[in-house]
Amino acid sequence: MNFSELFKQSGQLCKFSPNGRYLANCVGYRLIVRDVQTLQILQLYTCLDNIQNIEWSSDSLYIMCAMHKRALIQVWSLEKPDWTCKIDEGSAGLAGARWSPDGRHILTTADFQLRITIWSLVSKSVSYIKYPKHASEGLDFSRDGKYMALAERRNCKDFVSIFTCDSWQLLKHFEVETKDLASLSWSPDGRVLCIWDSITQYKLFLYSVDGRCLAYYSAYEFALGIKTVTWSPSSQFLAIGSFDQKCRVLNHITWKVVAEHNHPNTLDTETVVVYKEIEVKPPLLQGDMMPPGGFTVQSKYQIEQVPVQVPSVKLDPEKHNPKLGIGYISFSNDNKYMATINDNMPNVLWIWDVPNLCLAVLLLQSNPIKAVYWDPLQPRLALCTNNNKLYLWSPAGCVSVVIPSENVFQATSLKWHPDGNSLVILSKDHLCLCFLSDVH
């Protein structure tokens, strides 16, 4: 591995362009675009206020900067640095903004979910959609960019509207059987729309594009329900994380449960490989006050023998949203592995074997896990735990790498490059790039 020098950033706003050529990050009201290979600054844009969000267009030619406090959006062109675009929502306010799949329209949501406005960068036309239920959660585009599904709230009832993204014409409008619709998500193949209820109702519905209800699923009643929902890349599986500390996997043919993954306090399955992070203090050289390079603690993984006690945290019953249940689920790109985190076991990452429907690996970290992401091209994941280390897992094993820096660099987030050859690691105020030389 090779690490770059540190660069300033603010707000954790740092994103690779979809084509992988550029890296954009913010420092206050400035937007910096770098070449990924050389890290040279290609463009430096100055916005009218501090930037709260950035997003690339799908073709990597434009980048949008949202300033929610001033209800402003500025769009910059990489091909034409002199070209500018400003969108002002004015008194309506700005609660959310995102690109359409074609990269030539911007959808903004007004405060209090009053409306969604569609701004065209080509024709400069403006159109409106009424009654959106959420600022960001209840809107999703199909993977092929043809359809947009939008959750709406009318007369105290939940509805879903499906639009075509080329003309923004309404294709279908239908009522859904949720009490309080929380969110929705297209399957990767665009054939099925998954809709689920708020955490107080365990209800999940699957609809076709024409509005037919294909299936309904509920695991239990009278308790906090669904926490997260994730499709597998092949659309064959739908994983549901719940507050009862279980991850249930539905299949795409019958929409029945094919696996119910528990997250127990004691693990005694002998087929599971358990990696535990062990912190090691390097030996001091004679006359040195601290180890070479200034790193006081390094770490390595050792394989634990089962049974293993899985550490968990005690819950605060007075908090309204308890740190309990499956809050993170993600599939590897090849559909062979699934990673989960049980929120009351923040130091533990569970990696499941999808074809065999069983637990394959358990990672026991010394600190709570802050971010986990799969390599976009192969079954390998990276994670960070708010310290100066980067952790990588693949079927070949685990590794812990110290991030070299003169100052203390505490990694709080990370993002993979689209080709999987590098990743950007973020701390509170800085970022650095990690280039992986052995990519296979």
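From a predicted model like this one, the values you see are computed outputs, not experimental measurements.

Participant: Could you give me a rundown of the packing of aromatic side chains, with the residues and numbers involved?
Facilitator: The full count for this structure, using the stated rule, is 16 aromatic pairs. Arranged with centres 5.9 Å apart and planes meeting at 15 degrees, the rings of Tyr22 and Trp56 form a pair that is stacked. Pair noted here: Tyr22 is in strand 4 (residues 22–27) and Trp56 is in strand 7 (residues 53–56), with a separation of 34 residues, a long-range link. A residue is classified by how much of its surface remains accessible, and Tyr22, at 13% relative accessible area, is buried. Summarising the aromatic geometry, the rings of Tyr202 and Tyr220 are spaced 4.8 Å apart at their centres and angled 65 degrees between planes, so their arrangement reads as edge-to-face. Pair noted here: Tyr202 is in the loop between strand 20 (192–197) and strand 21 (204–208) and Tyr220 is in the loop between strand 22 (213–217) and strand 23 (226–231), with a separation of 18 residues, a long-range link. The class of Tyr202 is buried, set by a relative accessible area of 4%. Taking the relative accessible area as the measure of exposure, Tyr220 reaches 18% and is therefore buried. Just above the ring of Phe7 sits the side chain of Arg34; from NZ or CZ to the centre is 4.0 Å.

Participant: Could you give an account of the sheet that holds strand 35 (residues 371–374), with specific residues and numbers?
Facilitator: Sheet strands associate in pairs through backbone hydrogen bonding, adopting either a parallel or an antiparallel arrangement. Reading across the sheet, the four strands line up as 35-36-37-38 and stay open at both edges, with antiparallel pairing between neighbours. Either end of the sheet is taken by a strand with one partner, and the two such strands are strand 35 and strand 38 (397–402). Strand-to-strand twist in this sheet, taken as the mean axis angle between neighbours without regard to direction, amounts to 20 degrees. Note that strand 35 and strand 36 (residues 381–384) share four bridges and pair antiparallel. Note that in strand 36 the partner of Trp374 across the bridge is Leu381.

Participant: Summarise the sheet that holds strand 11 (residues 96–99); cite the residues concerned and give the values.
Facilitator: The strand order across the open sheet built from four strands is 11-12-13-14, with neighbouring strands paired in antiparallel fashion. Each having just a single partner strand, strand 11 and strand 14 (126–130) make up the two edges of the open sheet. Averaged over all adjacent pairs, the angle separating strand axes in this sheet is 20 degrees, with direction ignored. Where strand 12 (residues 105–109) meets strand 13 (residues 115–120), five bridges bridge the pair, whose relative direction is antiparallel.

Participant: Residues and numbers for the pattern of salt bridges, please.
Facilitator: One pass over the full model with this rule turns up twelve salt bridges. The shortest N-O distance in the salt bridge between Arg212 and Asp210 comes to 3.1 Å. Asp210 gets classed as partly exposed once you look at its relative accessible area, which sits at 39%. A salt bridge links Asp343 to Lys227; its shortest N-O distance comes to 2.7 Å. Of this pair, Asp343 sits in the loop between strand 32 (337–342) and strand 33 (348–353) while Lys227 sits in strand 23, and the two are 116 residues apart along the sequence. A relative accessible area of 24% places Lys227 in the partly exposed class.

Participant: Describe unusual backbone geometry, and please don't skip the residues or the numbers.
Facilitator: A cis geometry characterises the amide bond from Val306 onward to Pro307, with omega recorded as 5 degrees. Looking at where Pro307 falls in the secondary structure, it is placed in the loop between strand 29 (298–304) and strand 30 (308–309). Positive phi values are uncommon outside glycine, yet Phe112 reaches one of about 60 degrees. Mapped onto the fold, Phe112 is located in the loop between strand 12 and strand 13. Judged by its relative accessible area of 72%, Phe112 is exposed.

Conventions used here
- Residues numbered from 1 in each chain as written.
- Predicted model: local features only at pLDDT ≥ 70, side-chain atom pairs only at ≥ 80, totals over all residues.
- Heavy atoms only, no water.
- Phe/Tyr/Trp six-rings, centres within 6.5 Å; stacked < 30°, edge-to-face > 60°.
- Helix = DSSP H or I, 4+ residues; strand = E, 2+ residues; numbered from the N terminus.
- Buried < 20%, exposed > 50% of the residue type's maximum accessible area, 1.4 Å probe, protein only.
- Lys NZ or Arg CZ within 6 Å of the ring centre and 35° of its normal.
- Pairing = 2+ DSSP bridges.
- Axes fitted to C-alpha atoms, helices over the stretch in contact; angles between N-to-C directions.
- Salt bridge = Lys/Arg side-chain N within 4 Å of Asp/Glu carboxyl O.

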